[in-house]
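Per-entry structural report
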Amino acid sequence: MRTHKGLLALGAAALLLAGCGSGQIGDTGGQTDPNNKNLALITGQRGEPFYVSLECAAQQEAAAQGYQLNAQAPEKFEQAEQSQILGGIVSSKPGAVIIAPTDDKALAAPLQQAKGNGIQVVEVDTALEDRSIAVTSLSSDNYAGGQLAAQTLVQLLGEKGGSVLALNTKAGTSTTDERAKGFEDEIRKHPNLKLLPTQYTENEPATAAQIVSSTLAANPDLVGVFGTNLNTGEGAGTALSNAGKSGQVQLVGFDASPKQVDDLRNGRVQALIAQDPAKIGKEGVARAISAIKGQPVERETKTEMISITRDNMDQQSQYFYKSQC
Ligand code: T6T
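Residues numbered from 1 in each chain as written. Predicted model: local features only at pLDDT ≥ 70, side-chain atom pairs only at ≥ 80, totals over all residues. Heavy atoms only, no water.

**Focus: the domain arrangement of the protein**
Entries for the protein in the domain assignment read domain 1 (16-140 + 276-303) and domain 2 (142-274). The gap between the C-alpha centroids of domain 1 and domain 2 is 29 Å. Taken together, the contact between domain 1 and domain 2 spans 16 residues of the former and 16 residues of the latter. Where domain 1 abuts domain 2, roughly 1,200 Å² becomes buried across the two surfaces, and 49% of that area is made up of carbon and sulfur atoms. Summed over the shared surface of domain 1 and domain 2, the result is 1 salt bridge. We note a salt bridge from Glu204 to Lys76, for which the minimum N-O separation is 2.9 Å. At the junction of domain 1 with domain 2, the criterion picks out 5 residue pairs in polar contact (both at pLDDT 80 or more). (Domains from an automatic or database assignment. Contact = heavy atoms within 4.5 Å. Buried area = accessible area lost by both parts, 1.4 Å probe. Salt bridge = Lys/Arg side-chain N within 4 Å of Asp/Glu carboxyl O. Polar contact = N/O pair within 3.5 Å; in protein donor to acceptor, adjacent residues only side chain to side chain.)

Structure follows, in structure tokens:
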């Protein structure tokens, strides 16, 4: 019982991560027409529940404020197609582009150019390494989310020691890089846990599943896996289930897609760290509108996350993601 109580306490602690801002005001860059009522949203992957939930809230906020929102996304989480989409959007001259950059470096030049053309750049979820381009950034505190995942795993394991694996997505994805780092730093505080080298899955569930299967074969003492996002967690859940290891190897996922929530209920996953994509989408639009009007906006804001287990999931359903609006 100690474990379950602890996890609920972690959930409460996670909520304390809410709403921290940097206090700085972002640089609004070139001349923007304050009467421009067109916004663009470019998320990381079309039809993926985290981004669907973000987009639904963004559309609602734009409509409520009398703005048009043109939402687009690449089919896969990759910078080449996203850059192409951005190019098309820039030529349509919206007042602001609200974007989840799929690479923390590759999108810097086209976004800098957009800014120079008087388009306000608002980062949602992921961010560029160069902090001077966007006027504002909204995301979860991803490093703290990785730490929370590690703390949750340690609670689930109790006294049990052994090997632990983190699955990242693609190098250069700001969010999952920070989650992996937070997880690694926290796990290193526990000498009975051996941290295996973090592996990249290219954001493909099938690759995540293959990595977990081969890690199980090479490390029979594997006791825990952290999937740093929806796709990696879903793939890891499949591999553990195929190996008959669900519930023996503890799986902590990030995000709360309908499939991840089902997996939590049916015991394939033991905990999920859920984000608040709706808040990120709504605030992203509100900030974009303020920036277009030349009003000051906070440079960086972190939104809340929560640790969800099977025991508390029915009380936390407001954190479950949508697959359509
Ligand atoms: O975890 C989210 C998002 O925060 C991350 O940046 C990329 O992956 C997701 O969209 C989930 O697939």
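**Quick notes on the state of the cysteines**
Across all of its chains, the model carries 1 disulfide by this definition. Paired by a disulfide, Cys56 and Cys325 hold their sulfur atoms 2.0 Å apart. Judged by the sign of its S-S torsion, about -100 degrees, the bond between Cys56 and Cys325 is left-handed. Highlighted residues: Cys56 in helix α2 (residues 49-64) and Cys325 in the segment after β14 (306-309), separated in sequence by 269 residues. (Disulfide = S-S within 2.5 Å. Helix = DSSP H or I, 4+ residues; strand = E, 2+ residues; numbered from the N terminus.)

**Some words on the site of the ligand**
All residues in the neighbourhood of the ligand are listed as Glu48, Phe50, Tyr51, Asp125, Thr126, Thr175, Arg179, Asn229, Leu230, Asn231, Asp255 and Gln275. Residue Asp125 places a side-chain N or O atom 2.7 Å away from an oxygen atom belonging to the ligand. Bound to the protein, the ligand loses 99% of the 300 Å² it would expose on its own. For the shell around the ligand, the elements supplying multiple residues, two or more each, are α2, α6 (174-187) and α8 (230-242). Of the residues contributing to the shell around the ligand, the split by class is 3 nonpolar, 5 polar and 4 charged. Inspection of the shell around the ligand shows a minimum of three residues originating in each of domain 1 (16-140 + 276-303) and domain 2 (142-274). (Near = heavy atom within 4 Å. Areas by Shrake-Rupley, 256 points an atom, 1.4 Å probe, with all protein chains shown as cover. Nonpolar A, V, L, I, M, F, W, Y, C, P; charged D, E, K, R; others polar.)

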